Amino acid sequence: MSREERKPLNPMLIYLLRRMCFLLATFFVFMIIIFSLPRMIPGNPLAILLRDILNRMTLQPETIKEIERKLFEQYGLDKPVYIQFVDFVSRIFKGDLGISFYFRIPVAEVIFSRIPWTLMLLVPSTIVSWIIGNFLGAIAAYKRGKATDNILMSIFLTLSQVPYYWLAMILLFIFAVRYEIFPLGGTWDTSRFITPSLTLEFITDYLAHYILPFASIVLSAIGGWAIGMRVMAIYELGSDYVVYSDSLGLKDSKILEYVFRNSILPQITGLALNFGSVVGGQLLTELVFNYRGMGRILYDSINKLDYPLIEGIFIILISTLLIANLIVDFIYAYLDPRVRTGYAEA
Amino acid sequence: MFKIKKFTFSISVLVVVILVALVGPPLYPKLNLSLYAGTPDTPPSNEFPLGTDRNGRDILSHLLIGIRTSLYVGVIATIIALTIGILVGSFAGFKGGVIDEILMMITNIIYTLPAILLMILIASYLKERSPLFVSIVIGVTSWPWLARAVRAQIMSLKEREFVQMSKMSGLKGYEIIFKDLLPNMASYIFMSVALLLSISMLAEAGLSMIGAGIDPSTESSLGVMLQRAQQGEAIRLGRWWCFVPPGIVLVLITTSLLMLSTSIDEYFNPRLRGGK
Amino acid sequence: MSLLKAEGLRAYYNSPIGQVKAVEDISLSVEEDDFIGIAGESGCGKSTLANVLMMNIRPPLKLYGGRLFLNGEEISDKSRDYVKEKFWGTVISIVPQAALNSLMPTKRTKEFIIDVVQAHKKISEKEIIEMAKNKFIELGLSPSVLDLYPHELSGGMRQRVIIVASTILNPKVLIADEPTSALDVSTQKQVLKMMLDLQRKQSIRSTILITHDIAIQRQVCNKLIVMYAGRIVEYGNVDDVLYNPKHPYTKGLINSVLTPEPEVRRRGLMALFIPGEPPNLVNPPPGCSFHPRCPFAMPRCKSETPGLTYSGDRAVACWLYIL
């Protein structure tokens, strides 16, 4: 009896374990990449870093020596490569992401002061665009071949190709410059509020600054979801089970429910797959709006060659991506009974 | 029928764009790529049909050159990604077994790491920001999805009779791949080329915007022009001629490419046309 | 009153290369307790006929003529939606070809059956599950199947589940389109037994079994219809037709089946297979569509199409039997 009980659980666990191992391997490869990149710059990486720092500030000779020594330590260049790598990884796992060259404070601090704002923009916009996009895609699939479908598809096609940041520029121009409805960017009115607070006035002000970036991201993302959903739904609509259910007298609404259920599953994994481009697009949008998220510091860090900060940002981004992948895998495994019983391939 | 209109529309747009890119710069009489070609921040006028930017650049001149550069990056990156993707995908799919497992492991890892983010990361360490180097970075990070798709197709095709016959007549692996399998995937490869071009051009623009792309002090591309507009506060100062033209051109090109790709797909997959 | 009655049905596919005449002048009637077999090569229009008999007609298929009566009511002049709501699943049901993927993959058997029943009747889920359980047991299936998903079932199991789903509302006519083609011999027997049981217990009142496998039809059917190129070429009681075939095509069909009875083999006058290719339904041969492959073809066969001539319970469409 206990053997029977154990059976349904195992395939799902195995699937999840496989995925976890894969994601860990990916993370490991990524760590190698992050680790190797600064060391692949031709010439003594330290000399170049030093030169960059010196270009920005004039320092006393003792300070230069001090910096040199600190950099040496930080990069552990006196030890063999694999020990450097191990140190690097353990440092990361302890949460020490180094010190920003430019800001002169720990990278972790810089990033974590910006992340909440990015998330506030990222999560709602992703959810909203996902819901609306999938819904519209299903409608287009249901009316495939007819006028509604063609019009919707043209819109989706174009929208999905418009870069997030360009749409941001257009929206900002129209709604903040030409017609002064919304503020010219930024996250909150710095002349009125020095720090964020939970007062009603602040929240309204923040929302006013929030709407344009939010709309920009949602509009840019809808097209992609809709196109994907439409393809899946059209495929499902031609399936044997649709034909058979119809022949047994099941109503159209019920059959659509079936189709939707089966088409939505890949769209969930799509959330994790598209994470990279969504985040990339959002960061650039934040740049255009001068929104106080990760976008601006990414730009600055690249501009100023602040390598610890660049690396820190990417470590955070990729780690979040991999965790998001894992969460999506859980959800998918729960929803698709074929995975639960070991049928589907990972 | 709508789909034929889509196809002709997209092809014509692309042909026009390519022509402009090739003959535009030489034909445009007032081509001037230097700084302070005119008074900075002037709106479109007879002298400068698309106005000038903050540093006095003639927008139209830079747009013409920019199209060329962006297309160049797109083409080079596509060639690189196409080559790697097809090679990896067909060898993994054809050989199967351990080779397949290893290649797919590598592919999946790179696939999971988002291309844009990888690109930005790698590019920010580059000393030289020439279009060629940027193309290489884009190409080298954009191939995994293609490899997977190619592998899937190869795996389903290789069981077919004509392949078995070639096998039995002693043709070697790569001969079979190139003579039998790939020609059967011609339509899919065309689609992929269109998609890759579009992705690469958008990637270049994104990279340039974040400052990890082409060096704006030496070259102009569509993305670079957008970056200049952003850095020069062109949007906030209402100088639409700095960012609208390059954006429109970019959207036009990439939308036409996607339309082209979809219409090829619909032609070969009648189910997507609808009306079943 | 016939349960199902067809008069001169014509249904063609409109394709870019021309009109595919898949159902040409089909007349038949199905009475209570009938177990009619429709035999013929692949591509002769059998599956199209199966759908037409339900009025499940969608572009590019179109009804071009004839009348169809179900339970006495004419349905050939009604809309698809009307027929679907009033008759499908409750009066007439189909067990589709390639049924292995016909079950909704992400629903358990019981959930799907609940959906099927609730599409027509307001019965609570509990009652439906009870009903389904009893039905399963009655037909020799384990009720535990109800809790499983389609991919957890074998091919034969899925086929039988589909038969239950199609008959749970006790339709008068069941159309089974190649229900056994993808199954091994022992599973075939189980499926056939199930269909016979259903009819014996009067859960369904008549069955139309469409298959190219004549051996099966000989075992279970009481009447046999032979189709060729979209037309009926022979019809009658199954033993009559199989032991005394009249149409040359029927003779060839029987001879190409390996049967143990030397009697049938002895009577065969043709080679063990029918030479030539199945006809092109866009441009069928003029006159009798079978004449290019018929060893008894006469000049008349090439220009005039023979109609069905009846003698008692038998009908043949062949100039050999018409004066």
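Residues numbered from 1 in each chain as written. Chains lettered and ligands numbered in written order. Predicted model: local features only at pLDDT ≥ 70, side-chain atom pairs only at ≥ 80, totals over all residues. Heavy atoms only, no water.

A. Broad picture of a nonpolar patch on the surface. Residue and element names in this part refer to chain A. A cluster of nonpolar residues, Ile323, Ile327, Phe330, Ile331, Tyr334 and Leu335, forms a patch on the protein surface that exposes about 610 Å² of accessible area. Along the polypeptide, Ile323 turns up in helix α13 (residues 307–335). Given the relative accessible area of 55%, Ile323 is considered exposed. (Patch = residues over 30% accessible without salt bridge, like charges linked within 9 Å, V, L, I, M, F, W, Y side chains within 5 Å. Areas by Shrake-Rupley, 256 points an atom, 1.4 Å probe, with all protein chains shown as cover. Salt bridge = Lys/Arg side-chain N within 4 Å of Asp/Glu carboxyl O. Helix = DSSP H or I, 4+ residues; strand = E, 2+ residues; numbered from the N terminus. Buried < 20%, exposed > 50% of the residue type's maximum accessible area, 1.4 Å probe, protein only.)

B. Examining the interface of chain A and chain B more closely. Between chain A and chain B, the residue contacts involve 60 residues of the former and 52 residues of the latter. When chain A packs against chain B, close to 5,000 Å² is buried across both sides, 74% of that on carbon and sulfur atoms. Linking chain A to chain B there are 0 salt bridges. For the pair chain A and chain B, the interface holds 8 residue pairs in polar contact (both at pLDDT 80 or more). Contributions of two or more residues to the side of chain A that touches chain B are made by α1 (2–40), α2 (45–56), α6 (147–161), α7 (164–178), α8 (200–237), α11 (275–289), α12 (294–303) and α13 of chain A. Among the elements that line the side of chain A that touches chain B, the one with the most residues is α1(A), at 10 residues. The class makeup of the residues in the side of chain A that touches chain B is 41 nonpolar, 14 polar and 5 charged. (Contact = heavy atoms within 4.5 Å. Buried area = accessible area lost by both parts, 1.4 Å probe. Polar contact = N/O pair within 3.5 Å; in protein donor to acceptor, adjacent residues only side chain to side chain. Nonpolar A, V, L, I, M, F, W, Y, C, P; charged D, E, K, R; others polar.)

C. Summary view of unusual backbone geometry. Geometrically, the link from Pro59(C) to Pro60(C) is a cis peptide bond, its omega value of 5 degrees lying close to zero. You will see that Asp41(B), though not glycine, has its phi angle at about 60 degrees, which is positive. You can see Asp41(B) is positioned in the loop between α1 (2–27) and α2 (59–95). Accessibility expressed as a relative area gives 25% for Asp41(B), which makes it partly exposed.

D. Local environment of the packing of α11(A) against α13(A). Residues and elements named next belong to chain A. α13 packs onto α11 with a crossing angle of 140 degrees between their chain directions and a minimal axis gap of 10 Å. Our classification of the angle between α11 and α13 gives oblique. In this structure, α11 crosses over α13, and the sense of that crossing is right-handed. Packed against α11, whose contacting residues are Phe275, Gly276, Val279 and Leu283, the element α13 presents Leu317, Thr320 and Leu321 at the interface. Of the residues that constitute the contact of α11 with α13, the class distribution is 5 nonpolar, 2 polar and no charged. (Axes fitted to C-alpha atoms, helices over the stretch in contact; angles between N-to-C directions. Parallel < 35°, antiparallel > 145°, perpendicular 65-115°, else oblique. Left-handed = near helix turned anticlockwise from the far one by under 90°.)

E. Up close: the packing of aromatic side chains. Across all of its chains, the model carries 19 aromatic pairs over all chains by this definition. A ring pair is formed by Phe27(A) and Phe93(A), whose centres lie 6.0 Å apart and whose planes are at 75 degrees; its orientation type is edge-to-face. With Phe27(A) in helix α1 and Phe93(A) in helix α4 (residues 81–93), the pair connects residues that are 66 residues apart, well separated along the chain. Look at Phe35(A) and Phe85(A): their rings are 5.1 Å apart centre to centre, the planes differ by 70 degrees, and that puts the pair in the edge-to-face class. Here Phe35(A), found in helix α1, pairs with Phe85(A), found in helix α4; they are 50 residues apart in sequence, far enough to count as distant. Feature note: the residues Trp117(A), Phe202(A), Tyr206(A), Tyr210(A) and Phe214(A) constitute an aromatic cluster, connected by ring pairs. The ring of Tyr12(C) carries Lys21(C) above its face, with NZ or CZ at 5.8 Å from the centroid. (Phe/Tyr/Trp six-rings, centres within 6.5 Å; stacked < 30°, edge-to-face > 60°. Lys NZ or Arg CZ within 6 Å of the ring centre and 35° of its normal.)

F. Local environment of the sheet that holds strand β5 (residues 73–74) of chain C. Residues and elements named next belong to chain C. Pairing within the open sheet is antiparallel, and its 4 strands lie in the order β2-β1-β4-β5. Only two strands of the sheet have a single neighbouring strand rather than two, namely β2 (18–30) and β5. In terms of strand pairing, strand β1 (residues 4–15) meets strand β4 (residues 61–70) through 8 bridges, oriented antiparallel. Following the sheet pairing, Arg10 is matched in β4 by Gly65. (Pairing = 2+ DSSP bridges.)

G. Focus on the side chain of Ser192(B). Among the structural elements, Ser192(B) can be located in helix α9 (residues 186–209). When near neighbours in sequence (up to four residues on either side) are disregarded, Ser192(B) contacts Trp145(B) and Leu146(B).

H. Layout of the pattern of salt bridges. Residue and element names in this part refer to chain C. In this structure the tally under the stated criterion is 30 salt bridges over all chains. A salt bridge links Arg205 to Glu32, with the nearest nitrogen and oxygen atoms 3.0 Å apart. A residue pair is termed long-range when its members are at least 10 positions apart, and Arg205 in the loop between α6 (185–200) and β8 (206–210) and Glu32 in the loop between β2 and β3 (35–39) qualify at 173 residues. For Arg205, a relative accessible area of 19% translates into the label buried. Relative accessible area serves as the criterion here: at 41%, Glu32 is assigned to the partly exposed category. For Arg200, the salt bridge goes to Asp197, with nearest N and O atoms at 3.4 Å. Residue Arg200 and its partner Asp197 are both found in helix α6; the two are separated by 3 residues, about one turn of the helix.

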